[in-house]
Amino acid sequence: MRVQEREEVRALKQECRHLQSVIESMRSQQSALQIQVDHLKEDLATQYQLYRDERDARKLLITRISTMQSTQDAEHDDNNEEDESEDPVVVKMALQVCREDLTKAQIELNRLQAEYSDVVPRRDWDNLNHLHEETLMKLETLQTDFNQVKSEYDTLLEVHQKSAPTTQQHGSDSQHIATTPRPNWEQCSDILGGTERCKELFEGQSSQKRLEILMKEINSQNQFFTGLGTSSDVPIYLRYEGKLKNLKLKKADVIKVIKEIWRNKMADNEKNDDPRDLQTFLHSYLVEQYKDKAGEWAYSLMESVQNNLKDDLICLFNDVLTGKVDESIYHGQTQLLSHLLKVLIQSDITQCGSLTVSEFSEALRKAFPLKSDQDIEELLAAAQTELESSGVRISYQTLYTEDTDGQHKEFLSLVKKQATAERLQYISELRAQLEGKGEVDAEQLWVAFKTIDPSLEPENLEWNLSVAFQTKESELQAQALEKEVVLQRLSVAHVKRAGPKG
């Protein structure tokens with residue numbers, strides 16, 4: 001039996017090898033047939049193109065013959081010549097030939113329709129192929145993002161499962177702790193002007209914040225302001241007399257109004273060669289927007305500004321309005337943030353709104369080439385802290401969102417803080433170089449600039465000197481100016497143009 005089984009196995013193996021050889025031959029035959037089919041398709045496409053060309057040529061010939069016949073008929077009519085009657089036999093033969101040609105063309109058309117009913121035009125195939133490749137690329141990107149999100153989710157789920165027992169233990173312990181009763185804030189509604197206003201002021205605020213709001217409202221119970229008059233020593237936007245109603249503007253409203261004022265001020269500066277100062281523009285803006293209530297808005301706005309000077313945007317607006325700093329400080333900060341956003345968008349090749357950590361760091365170095373590695377690391381850490389993400393990607397568009405008060409968050413605040421520190425450091429170094437000199441001329445400033453930054457280009461040197469002496473770069477004069485005047489002008493000007501310290 002074993003010998004018989006071996007023989008059967010051997011026979012089956014031989015038969016299997018034979019069948020495999022048959023399959024291989026059939027596959028090669030199939031590939032050869034496929035090649036023939038492809039060649040036939042190409043030949044058929046060529047024949048179809050020739051047929052179309054022949055058909056178009058035939059149509060053109062028929063049109064030309066018809067035109068010639070109509071021309072001949074017109075000439076015969078002009079010459080009043082009688083048309084000779086055509087031979088019926090010739091007409092019959094021509095009709096028969098036309099019928100035969102029509103039958104052949106119909107047969108050829110049916111054959112082409114039957115053979116090419118499933119054929120797709122090359123143009124449509126190319127479009128579909130391109131769309132398919134784009135879809136595959138998007139699918140790969142989405143799959144990568146999904147895998148990243150899934151890994152983060154698994155990590156968070158694991159952390160949550162580990163911290164769940166501790167959380168439950170803390171919850172059970174907190175039930176046994178005696179807590180201080182919370183105050184009833186609704187009792188303050190009478191002081192704050194009603195229940196609705198009380199809810200509006202206290203909504204989403206902590207107890208400490210609510211207490212501050214309550215004390216501020218108590219201190220500002222005055223319903224009306226007394227106008228300062230119309231004398232020349234009063235700012236133009238506050239030149240009103242009589243009683244003016246206190247609108248009690250909230251911080252969010254003040255920030256919104258200030259942003260709108262800056263937006264209109266920038267548009268006004270672009271229209272006019274000689275821009276107006278902020279005080280004059282504020283007066284015209286309030287009169288244009290609020291008509292008879294311009295005085296109420298002016299006094300209410302200034303009171304809210306004085307109450308919120310801890311806010312950077314409001315404090316800067318107040319400093320520019322009172323003349324402590326130049327208006328270009330604000331425009332410089334805006335241009336700085338716009339430049340950074342432009343560089344981040346250019347670095348986003350996939351246009352997905354996010355960058356990897358390395359791409360984000362490289363974009364920061366490209367936007368601020370003169371910043372130190374420590375400053376770049378601080379910005380990167382601030383971005384990751386703000387987004388509460390330690391992943392491989394950073395959503396730079398989210399960094400440009402504002403909080404509930406309309407203010408920039410941690411990352412952009414750090415960018416502006418570093419820019420201010422760099423500007424002040426540059427002015428401090430320049431002050432140290434000019435120490436002990438009451439007045440300076442162009443040559444002394446030139447030496448000071450080159451000492452601070454030997455890599456400073458000549459055109460930047462000339463620009464710095466033209467700013468200091470307020471003249472054209474080609475018309476520098478060796479005039480002497482007080483040192484503090486020079487420093488003040490340079491402090492303002494370096495916000496408008498990137499200087500040696502970025």
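Residues numbered from 1 in each chain as written. Predicted model: local features only at pLDDT ≥ 70, side-chain atom pairs only at ≥ 80, totals over all residues. Heavy atoms only, no water.

Labelled according to an unreviewed UniProt entry, the protein appears under the name Translin-associated factor X-interacting protein 1 isoform X6, originating from Danio rerio.

## A short note on the overall build of the protein
What counts is decided by this rule: To qualify as a helix, a DSSP run of H or I must reach at least 4 residues; to qualify as a strand, a run of E must reach at least 2; elements of each kind are numbered from the N terminus. For the exposure calls, accessible area comes from a 1.4 Å probe over protein chains only, and a residue counts as buried if that area is under 20% of its type's maximum, exposed if over 50%, partly exposed in between. Here, residues are in contact when the closest pair of their heavy atoms is within 4.5 Å.
Regarding its fold elements, the protein presents 18 helices and 6 strands. Counting all 502 residues of the protein, 27% fall into the buried class. Sequence separation of 24 or more characterises 60% of the internal contacts of the protein that already satisfy a separation of 6 or more.

## Here we look at unusual backbone geometry
Residue Lys 291 is not a glycine yet carries a positive backbone phi of 55°. Mapped onto the secondary structure, Lys 291 falls in the loop between helix 8 (278-290) and helix 9 (294-307). Residue classification places Lys 291 among the exposed positions, given a relative accessible area of 55%.

## Regarding the packing of aromatic side chains
Here is the rule: Pairing of aromatic rings covers Phe, Tyr and the six-membered ring of Trp, with a centre-to-centre limit of 6.5 Å; geometry is then stacked below 30 degrees between planes, edge-to-face above 60, and tilted otherwise. Whether a charge sits over a ring comes down to the Lys NZ or Arg CZ being within 6 Å of the ring centre and within 35 degrees of the ring normal.
Evaluated as defined, the whole model comprises 6 aromatic pairs. Ring plane angle 90° and centroid distance 6.1 Å describe the contact between Trp 262 and Phe 317, whose orientation is recorded as edge-to-face. Here the residue Trp 262 occupies a position in helix 7 (residues 251-271), and Phe 317 occupies one in helix 10 (residues 312-322), the gap between them amounting to 55 residues. Neither Trp 262 nor Phe 317 differs from the other in exposure class; each is buried. Ring centres of Phe 281 and Tyr 285 lie 6.2 Å apart, and the angle between their planes is 25°; on these two criteria the pair is classed as stacked. Of this pair, Phe 281 and Tyr 285 both sit in helix 8, 4 residues apart, which is roughly one turn of the helix. Classification of Phe 281 by relative accessible area gives buried; the value is 5%. Judged by relative accessible area, Tyr 285 falls into the buried class, the value being 5%. Its end group placed over the ring of Phe 281, Lys 265 keeps NZ or CZ at 6.0 Å from the ring centre. In this arrangement the basic side chain of Lys 371 is found over the ring face of Phe 368, its NZ or CZ atom lying 5.0 Å from the centre.

## Considering the environment of Leu 337
Tracing the backbone shows Leu 337 in helix 11 (residues 328-347). Under the relative-accessibility criterion, Leu 337 is labelled buried at 8%. Between the C-alpha atom of Leu 337 and that of Ala 367, which follows or precedes it by 30 residues, the distance is 10.0 Å. If we ignore the near neighbours within four places in the chain, the residues touching Leu 337 are Tyr 400, His 408, Leu 412, Val 415 and Lys 416.

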